[in-house]
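# A closer look at the structure
For reference, the chains in residue letters:
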Amino acid sequence: QVQLVESGGGLVQPGGSLRLSCAASGIIFSDYVMNWYRQAPGKQRELVAGITTGGSANYADSAKGRFTISRDNAKNTVYLQINTLKPEDTAVYYCNAARFGAIRAWGQGTQVTVSS
């Protein structure tokens, strides 16, 4: 069974930081591109970052400079470090795993709320 489980979200003040984690099971993790998306209520889900099997990172324009994606293949985990959080970062953050150009699994998401 393929399973992706996000964690690390929470309530944080503007300017704070969070590191989100996504733990994968049921796949050969190192064979998959891993991505982070986010979705605020009433808004479309948007890609924020992706990382290739070789560890190359890509970011949406909105994420450049404050977001860092990384992966630890030994732990079957992908991370998203978010610095200098802003209220507009408030969303449910989801990870997915992709292979051969297709998304294979989604996690259930972790809530990030940025508020003073």
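Here's what I pulled together on the structure shown here.

## Details of the overall build of the protein
- For the protein, the count of helices and strands is zero helices and eleven strands.
- The N-to-C order of helical and strand elements in the protein reads β-β-β-β-β-β-β-β-β-β-β.
- Whereas a compact globule of 116 residues would reach a radius of gyration of roughly 13 Å, the protein reaches 13 Å, a difference of no more than 12%.
- Taking all 116 residues of the protein together, 41% fall into the buried category.
- For the protein, long-range pairs separated by at least 24 residues make up 53% of all intrachain contacts whose partners lie at least 6 apart in sequence.
- A total accessible area of about 6,100 Å² is found for the protein, and carbon and sulfur atoms account for 46% of it.
- Of the side chains in the protein, 11 bear a positive and 7 a negative charge, and the two mean positions are spaced by 2 Å.

## Section: the sheet that holds strand S7 (residues 67-72)
- Spatially, four strands are ordered S1-S3-S8-S7 in an open sheet, and the strand pairing comes out antiparallel. A single partner strand is all that each edge strand has here, and the edge strands are strand S1 (3-7) and S7. Neighbour to neighbour, the strand axes of the sheet diverge by 15 degrees on average, direction disregarded.
- Of the pairings in the sheet, the one linking S1 to strand S3 (residues 18-25) comprises five bridges and is antiparallel in character. In the strand pairing of S3, Glu-6 is matched with Cys-22.

## Comments concerning unusual backbone geometry
- With phi around 50 degrees, Thr-84 is a residue other than glycine that occupies positive phi space.
- As for its position among the elements, Thr-84 is in the loop between strand S8 (77-82) and strand S9 (91-99).
- Of note, Phe-100 is a non-glycine position whose phi angle comes to about 55 degrees, a positive value.
- Residue position: Phe-100 is located in the loop between S9 and strand S10 (102-106).

## A few points about the nonpolar core
- The biggest cluster of nonpolar side chains holds 29 residues, and the ones touching the most others in it are Leu-4, Leu-20, Met-34, Trp-36, Val-78, Leu-80 and Tyr-93.
- For this core, the secondary-structure elements that each account for two or more residues are S3, strand S4 (33-39), strand S5 (46-51), S7, S8, S9 and strand S11 (110-114).
- Aside from chain neighbours lying at most four places away, what touches Leu-4 is Cys-22, Ala-23, Ala-24, Met-34, Cys-95, Asn-96, Ala-97, Ala-105, Trp-106, Gly-107 and Gln-108.

## Re the state of the cysteines
- Applying the stated criterion across every chain yields a total of one disulfide.
- Paired through a disulfide, Cys-22 and Cys-95 show a sulfur-sulfur distance of 1.8 Å. Looking down the S-S bond of the Cys-22 and Cys-95 bridge, the torsion is 50 degrees, so its handedness is right-handed. Within this pair, whereas Cys-22 is found in strand S3, its partner Cys-95 is found in strand S9, the two being separated by 73 residues in sequence. Taken as a pair, Cys-22 and Cys-95 share a single burial class, namely buried.

## Quick look at the pattern of salt bridges
- The final tally for this structure, using the stated rule, is five salt bridges.
- The closest approach of N and O atoms between Arg-99 and Asp-31, which form a salt bridge, is 3.5 Å. In this pair, Arg-99 sits in strand S9 while Asp-31 sits in the loop between S3 and S4, placing the two residues 68 residues apart along the sequence.
- By relative accessible area, Asp-31 is classed as partly exposed at 31%.
- For the salt bridge of Asp-61 with Lys-64, the shortest nitrogen-to-oxygen distance reads 3.2 Å. Here Asp-61 matches Lys-64 in class, with each residue exposed.
- Each of Arg-38, Glu-46, Arg-66 and Asp-89 takes part in salt bridges that share partners, so that together they form one network.

What counts and how
- Residues numbered from 1 in each chain as written.
- Predicted model: local features only at pLDDT ≥ 70, side-chain atom pairs only at ≥ 80, totals over all residues.
- Heavy atoms only, no water.
- Helix = DSSP H or I, 4+ residues; strand = E, 2+ residues; numbered from the N terminus.
- Rg over C-alpha atoms; globule rule 2.2 N^0.38 Å.
- Buried < 20%, exposed > 50% of the residue type's maximum accessible area, 1.4 Å probe, protein only.
- Contact = heavy atoms within 4.5 Å.
- Areas by Shrake-Rupley, 256 points an atom, 1.4 Å probe, with all protein chains shown as cover.
- Lys, Arg positive; Asp, Glu negative; His and termini not counted.
- Charge placed at Lys NZ, Arg CZ, Asp CG, Glu CD.
- Pairing = 2+ DSSP bridges.
- Axes fitted to C-alpha atoms, helices over the stretch in contact; angles between N-to-C directions.
- Core = buried A, V, L, I, M, F, W, Y, C linked by side-chain atoms within 4.5 Å.
- Disulfide = S-S within 2.5 Å.
- Salt bridge = Lys/Arg side-chain N within 4 Å of Asp/Glu carboxyl O.

Functional significance is not addressed by these values, which are geometric in nature.
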